[in-house]
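Coordinate inspection notes
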Amino acid sequence: MQNRKSAQLFKKAQKVIPGGVNSPVRAFKSVGAAPIFIQKAKGPWLYDEDANRYIDYCGSWGPMILGHAHKDVLAAVKKTMANGTSYGIPTRLETQLAEMIVAAFPSIDKVRLVSSGTEAVMTAIRLARGATARDKVVKFVGCYHGHVDSLLVSAGSGLMTLGTPSSRGIPKDFVKNTLPAPYNNADAVEKLFAKYPGQIAAVIVEPVAGNMGVVPPKPGFLKKLRTLCTKNRALLIFDEVISGFRLTYGGAQTIYKTKADLTTLGKIIGGGFPIGAVGGKASIMNKLAPEGAVYQAGTLSGNPVCVAAGIETLRQLKTQNPYKKLAVLTEYLCDGMTEQLDRKGIGHKINRIGSMFTLFFNDTEVTDYTTAAKSDTKQYAKYFRHMLNSGVYLPPSQFEANFISTTHKKTHIDQTLQAIENLKL
Ligand SMILES: *Cc1c(COP(=O)(O)O)cnc(C)c1O
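Small disclaimer: the values here were computed from a predicted structure and weren't measured.

Conventions and cut-offs
Residues numbered from 1 in each chain as written. Predicted model: local features only at pLDDT ≥ 70, side-chain atom pairs only at ≥ 80, totals over all residues. Heavy atoms only, no water. Domains from an automatic or database assignment. Contact = heavy atoms within 4.5 Å. Buried area = accessible area lost by both parts, 1.4 Å probe. Salt bridge = Lys/Arg side-chain N within 4 Å of Asp/Glu carboxyl O. Polar contact = N/O pair within 3.5 Å; in protein donor to acceptor, adjacent residues only side chain to side chain. Nonpolar A, V, L, I, M, F, W, Y, C, P; charged D, E, K, R; others polar. Pairing = 2+ DSSP bridges. Helix = DSSP H or I, 4+ residues; strand = E, 2+ residues; numbered from the N terminus. Axes fitted to C-alpha atoms, helices over the stretch in contact; angles between N-to-C directions. Parallel < 35°, antiparallel > 145°, perpendicular 65-115°, else oblique. Left-handed = near helix turned anticlockwise from the far one by under 90°. Expected span 1.5 Å × (residues − 1). Buried < 20%, exposed > 50% of the residue type's maximum accessible area, 1.4 Å probe, protein only. Arc of directions from axis to C-beta. Near = heavy atom within 4 Å. Areas by Shrake-Rupley, 256 points an atom, 1.4 Å probe, with all protein chains shown as cover.

Let's talk about the domain arrangement of the protein
In terms of domains, the protein is made up of domain 1 (4-65 + 322-421) and domain 2 (71-319). With centres defined by C-alpha atoms, the gap from domain 1 to domain 2 works out at 25 Å. Contacts between domain 1 and domain 2 engage 27 residues on the former and 31 residues on the latter. Taken together, both faces of the contact between domain 1 and domain 2 bury some 2,300 Å²; the carbon and sulfur share is 67%. It is Tyr323, Ile353 and Tyr369 that lose the most area in domain 1 upon contact with domain 2, and together they represent 32% of the buried surface on that side. Along the contact surface separating domain 1 from domain 2 lie zero salt bridges. Put simply, domain 1 and domain 2 have nine residue pairs in polar contact (both at pLDDT 80 or more) between them. For the side of domain 1 that touches domain 2, the class distribution of residues is 17 nonpolar, eight polar and two charged.

Section: the sheet that holds strand S4 (residues 110-114)
Overall, mixed pairing links the seven strands, which are arranged S4-S10-S9-S8-S7-S5-S6 in an open sheet. Across the chains shown, the open sheet's two edge strands, defined by having one partner strand only, are S4 and strand S6 (178-181). Strand-to-strand twist of the sheet, defined as the mean angle between neighbouring strand axes without regard to direction, takes the value 20°. Bridge count for strand S5 (residues 136-140) against S6 is four bridges, and the pairing is parallel. Opposite Lys139, over in S6, you have Pro180 as the bridge partner. Against the sheet, helix H6 (residues 186-195) touches S5, S6 and strand S7 (200-205), its axis set at about 150° to S6.

Considerations on the packing of helix H13 (residues 377-389) against helix H14 (residues 410-421)
Two numbers describe how H13 lies on H14: the axes approach to 10 Å, and their chain directions differ by 125°. Between H13 and H14, the angle is such that the two are oblique. Two packed elements cross with a definite hand, and for H13 against H14 that hand is right-handed. In this structure, H13 uses Tyr383, His386 and Met387 to contact H14, whose residues at the interface are Thr416, Ala419 and Ile420. Taken together, the residues that form the contact of H13 with H14 break down as four nonpolar, two polar and no charged.

Topic: the sheet that holds strand S2 (residues 45-48)
Sheets are built from strands that pair by backbone hydrogen bonding, the pairs being arranged parallel or antiparallel. The strand order across the open sheet formed by four strands is S1-S2-S3-S13, and the pairing between neighbours is mixed. Lying at the two open borders of the sheet, with one neighbouring strand each, are strand S1 (38-42) and strand S13 (392-393). H14 contacts S2, strand S3 (53-56) and S13 of the sheet and is inclined by roughly 105° relative to S3.

A closer look at helix H3 (residues 92-104)
Relative to the 18 Å expected for 13 residues at 1.5 Å per residue, H3 spans 19 Å between its end C-alpha atoms, a close match to the ideal helical length. Of the positions making up H3, those classed as buried are Leu97, Ala98, Met100, Ile101 and Ala104. Buried positions in H3, seen along its axis, are confined to an arc of 160° and lie on one side of it. Exposed side of H3, more than 90 degrees from the buried face: Arg92, Glu99 and Ala103 are the residues found there. For H3, the elements touching its buried residues are S4, helix H8 (252-255), strand S9 (262-265) and helix H10 (304-320).

Here we look at unusual backbone geometry
Following Ala289, the chain continues to Pro290 via a peptide bond in cis, the omega torsion being 10°. Take Pro290: it is sitting in the loop between helix H9 (282-285) and H10. Unusually for a residue other than glycine, Ala51 sits at a positive phi of about 65°. When you line up the elements, Ala51 lands in the loop between S2 and S3. Look at Ala51 and you get exposed, because its relative accessible area is 66%.

Topic: the site of the ligand
The full set of residues close to the ligand is Ser116, Gly117, Thr118, Tyr144, His145, Gly146, Glu206, Asn211, Asp239, Val241, Ile242 and Lys267. Within the contact set of the ligand, a nitrogen atom lies 3.4 Å away from a backbone nitrogen or oxygen of Tyr144. If the ligand stood free it would expose 380 Å²; the protein chains cover 83% of that surface.

Quick word on the pairing of S5
Of all five residues in S5, five are buried; the element is thus mostly enclosed. Neither face of S5 is open: one carries Lys136, Val138 and Phe140, the other Val137 and Lys139, and all of them are buried. Both S5 and S7 contribute to a ladder of three bridges, which runs parallel. The partner of Val137 across the bridge, within S7, is Ala202.

Structural notes on the pattern of salt bridges
A full pass over the atoms with the stated rule returns nine salt bridges. For the salt bridge of Lys224 with Glu190, the shortest nitrogen-to-oxygen distance reads 3.1 Å. Taken as a pair, Lys224 in helix H7 (residues 221-231) and Glu190 in helix H6 lie far apart in primary sequence, 34 residues in all. Glu190 gets classed as partly exposed once you look at its relative accessible area, which sits at 34%. Taking the shortest distance from any N to any O, the salt bridge between Glu331 and Arg352 comes out at 3.8 Å. Residue Glu331 is found in helix H11 (residues 323-344), and its partner Arg352 is found in strand S11 (residues 349-353); the two are separated by 21 residues along the sequence.

Here we look at the environment of Ile125
With respect to the helices and strands, the residue Ile125 is situated in helix H4 (residues 117-132). Under the relative-accessibility criterion, Ile125 is labelled buried at 4%. Ile125 sits 10 residues away from Asp135 along the chain, and the two C-alpha atoms are 9.4 Å apart. Sequence-distant contacts of Ile125, defined by excluding residues within four places in its chain, comprise Val137, Leu151, Ile204 and Ile237.

What follows is the structure, given as structure tokens:
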């Protein structure tokens, strides 16, 4: 693999951008490699500056479910931006996207659009606190909810001590109301409710965890959270920034038949453009300004170009209904991986749901952060580098989700399995 140009560009970038990247994992630090610089992408393929081609299993961390440079999404964007790119005044497009989200989520009556998943979560937390007049929030260890100050506690590979922020620059006071619990452990949440009666505003959870690698909820986990929140008059927030429109046309909450009070969305609903959304019952959503007293605003919120890309993406997903096909193809890939790795005697576990999966170099079942953390990250790093050299781009960390798009075909999967066949760890 030729990487001269990427190496040069990375050197230049490091002079003017901290670490040379605009989001930390892109630096490839945990896989001991230098980042590749992308020139263009089409369908399942990424092309870097050195003209290497890769089958992409990261999909820009989730949004690109239709593959890269989808022609109808591009057409919608071009058409919209020809009329201007931002007005800061309402457009009909915003209502159209909101209507599509409301129709797809039985728990959502109203939705507010923002510009990132982080912003959506930040708004949901403020809204939950405003609506309940309580301060404490339960979050799960290993779940990531964007880089919101109060939620950078036990976020992914962060520190696991109670109340310790996983980043410098966050005052202790900002996290003193954050209560971490182990994922898939509703009993721990029950104990927190008992310990802090009348003080917990919300429980926030990724209904399918994607940020410690893919970890699906155990049977009954989400339903128990629902019961506990209802009983204690706390709000249940589903962070569906990854899972929204990824597993079905709607949310993981549709699949697990559990209604959230508030839902956060992002990634897919922007079709590759910056977006986020928070939605829920009208009675709660109406507490947002200008209807209510919980303030929230954004210069580029509901940006017409982002919204147009989102509408077209959802329209495609609704008409194609690709979810079954995506799941079947993902299963084919994961079964093939298991077969190859078993033959090589490489210990591993694959967690898979719909078109998302993680291959853990781990001998134990991965059901929460503690078990995920047992993975052999050195083996993952070797695997990542081997696959990259073989023309397959994976998320550059063991603790991330892999995604398949509607443009991935059996031939791409077979090529991927061929690369694994040549793997030596
Ligand atoms: C990506 C992600 C976020 C943050 O979204 P950004 O657009 O990166 O700010 C929040 N929650 C979850 C579950 C995510 O995966």
